[in-house]
Amino acid sequence: MPVILGIETSCDDTAAAVVDADLHVRSSVIESSMDQHRSFGGVVPELAGRAHVTTIGPVVARALELAGLDPTNPALDAVAVTAGPGLIGSLLVGLSAAKAYALAWGVPFVAVNHLEGHLFAPLLEAPDLEWPLLTLLVSGGHSMIVLQRGPGEHVVLGETIDDAAGEAYDKIARWLGLGYPGGPEMDRLAQSGTATALKLPVSMTGSDLDLSFSGLKTAVVRATQKHRDVALVDVAASFQAAVCEQLLRKVRRALETHEVAGVALAGGVAANSALRAGLSRLAREFGVESHLPATVMCTDNAAMIAAAGLHRLRVSGPSDFDLSARPNWQLADVP
Ligand code: KG4
Ligand code: ZN
């Protein structure tokens with residue numbers, strides 16, 4: 001049975017994973033350099049790239065060991081790696097390492113789009129899920145609603161015209177004096193706040209499926225300047241309600257116009273408690289399955305890259321060794 005090594009280095013996480021052809025995850029190792037970036041309030045590309053250089057070897061060796069493979073001569077069938085989108089310096093580290101491993105072990109290497117990788121996360125928990133699938137992919141860098149007719153057959157129905165949902169969380173958290181990345185802390189605070197404390201607009205109420213978060217961001221800044229006495233938990237709850245209202249409103253519209261068997265969440269913001277609860281409710285209302293992968297599979301990891309790599313290898317074959325990093329690789333341009 002084919003076994004594939006996945007490598008992911010598009011941002012601050014150095015990740016490696018071994019996945020079988022039936023999408024069973026044999027190992028998944030993630031080493032983050034976030035501690036080096038926190039005080040800067042965002043990921044510093046140069047620091048991220050350097051951290052990958054020192055971490056990639058040990059992370060790959062650990063993933064192979066945990067999968068019961070010999071790190072010097074593993075019985076693998078291919079190496080998959082994120083080629084974009086992402087930070088160019090970080091992508092190049094993973095890509096160069098993947099090519100070197102593939103050459104040394106005499107196996108094919110396959111370049112994977114990071115966003116397509118995120119779309120494979122729900123399959124790691126439910127390999128036999130029914131298609132078509134409507135996926136809300138929300139992370140620190142991207143926010144989109146994607147219709148998948150089958151594995152790797154995706155159409156972007158709508159996407160953000162400005163900030164990503166996670167980016168909006170991080171920026172508002174920063175404005176409120178919270179740490180980076182701010183999504184998890186905002187989510188925690190929101191759970192004990194009152195969502196009606198601040199009156200915030202719900203953006204993008206038109207009939208299309210695009211998203212926008214910059215107006216909401218400005219509204220929160222203005223509202224907190226005007227009402228300085230509103231508690232932090234209430235600001236977080238009001239913001240979270242407005243973000244979820246917009247996202248779920250658009251998913252609802254997509255469900256009304258596209259017949260699907262299930263809805264899924266992917267990307268780091270998929271860890272959000274209100275979004276998970278809201279999407280489950282919508283799925284029940286429309287009588288479709290809901291796929292909410294564990295947080296560790298929603299945030300950046302290499303198991304999803306390996307899963308997407310297995311698929312790309314089957315349908316498109318191996319990649320050329322002269323393929324370079326593609327920092328702006330759009331999902332619509334895959335394969
Ligand atoms: O997918 P991811 O790990 O990295 C990117 O590819 O961007 O997503 C990270 C993003 C950050 O913006 C972070 O604040 C956000 O996901 N995030 C959350 C939560 N957990 C992580 N946002 C809202 N609620 C959460 N619980
Ligand atoms: Zn990501």
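Residues numbered from 1 in each chain as written. Chains lettered and ligands numbered in written order. Predicted model: local features only at pLDDT ≥ 70, side-chain atom pairs only at ≥ 80, totals over all residues. Heavy atoms only, no water.

Looking at the site of ligand 1
Around ligand 1, 19 residues are found, and the nearest of them are Gly140, Asp170, Asp187, Gly268 and Asn272. Residue Asp300 places a side-chain N or O atom 3.3 Å away from an oxygen atom belonging to ligand 1. Listed by contribution, the elements that provide at least two residues to the shell around ligand 1 are helix H4 (114-125), helix H5 (165-175) and helix H6 (183-190). When grouped by side-chain class, the residues that make up the shell around ligand 1 number five nonpolar, 11 polar and three charged. (Near = heavy atom within 4 Å. Polar contact = N/O pair within 3.5 Å; in protein donor to acceptor, adjacent residues only side chain to side chain. Helix = DSSP H or I, 4+ residues; strand = E, 2+ residues; numbered from the N terminus. Nonpolar A, V, L, I, M, F, W, Y, C, P; charged D, E, K, R; others polar.)

Comments concerning unusual backbone geometry
Geometrically, the link from Tyr180 to Pro181 is a cis peptide bond, its omega value of -10° lying close to zero. Among the secondary structure elements, Pro181 is positioned in the loop between H5 and H6. Here Leu23, not a glycine, exhibits a phi torsion of approximately 70°, which is positive. By the element assignment, Leu23 lies in the loop between strand E2 (13-20) and strand E3 (25-32).

Some points on the environment of Leu5
Assignment of secondary structure puts Leu5 in strand E1 (residues 3-8). By relative accessible area, which is 0% here, Leu5 ends up buried. Placed 18 residues apart in sequence, Leu5 and Leu23 show a C-alpha to C-alpha distance of 12 Å. Setting aside residues up to four positions removed in sequence, Leu5 forms contacts with Ala16, Ala17, Val18, Val60, Leu64, Leu76, Ala78, Val79, Ala80 and Trp105. (Buried < 20%, exposed > 50% of the residue type's maximum accessible area, 1.4 Å probe, protein only. Contact = heavy atoms within 4.5 Å.)

Notes on the sheet that holds strand E6 (residues 133-138)
One open sheet accounts for five strands, arranged E8-E7-E6-E9-E10; its pairing is mixed. Among the strands making up the open sheet, the edge pair consists of strand E8 (153-159) and strand E10 (289-291). In this sheet, neighbouring strand axes are inclined to one another by 20° on average, regardless of whether the strands run parallel or antiparallel. In this sheet, strand E9 (residues 262-266) lies alongside E6 in parallel orientation, the contact comprising five bridges. Bridge pairing links Leu133 to Gly262 in E9. Along the sheet, helix H8 (residues 232-257) makes contact with E6, strand E7 (143-150), E8 and E9, crossing E6 at roughly 160°. (Pairing = 2+ DSSP bridges. Axes fitted to C-alpha atoms, helices over the stretch in contact; angles between N-to-C directions.)

Observations regarding the packing of aromatic side chains
Aromatic rings in a pair are described by how distant their centres are and how their planes are angled relative to each other. Across all of its chains, the model carries three aromatic pairs by this definition. An angle of 20° between the planes, with centres 4.9 Å apart, marks the rings of Tyr101 and Trp105 as stacked. Residue Tyr101 and its partner Trp105 are located together in helix H3 (residues 88-105), separated by four residues, close to a single helical turn. Here Tyr101 matches Trp105 in class, with each residue buried. Ring geometry for Phe109 against Phe321: centres 5.2 Å apart, planes inclined by 45°, an arrangement best described as tilted. (Phe/Tyr/Trp six-rings, centres within 6.5 Å; stacked < 30°, edge-to-face > 60°.)

Details of the sheet that holds E2
Spatially, five strands are ordered E3-E2-E1-E4-E5 in an open sheet, and the strand pairing comes out mixed. Each edge of the open sheet carries a strand with a single partner, namely E3 and strand E5 (109-113). Going across the sheet, the axis of each strand differs from the next one's by a mean of 20°, ignoring polarity. Bridge analysis of E2 against E3 gives seven bridges, and the strand direction is antiparallel. Opposite Thr14, over in E3, you have Glu31 as the bridge partner. Each of E1, E2 and E3 is contacted by helix H2 (residues 45-66), which is oriented at about 25° to E2, the strand it contacts most.

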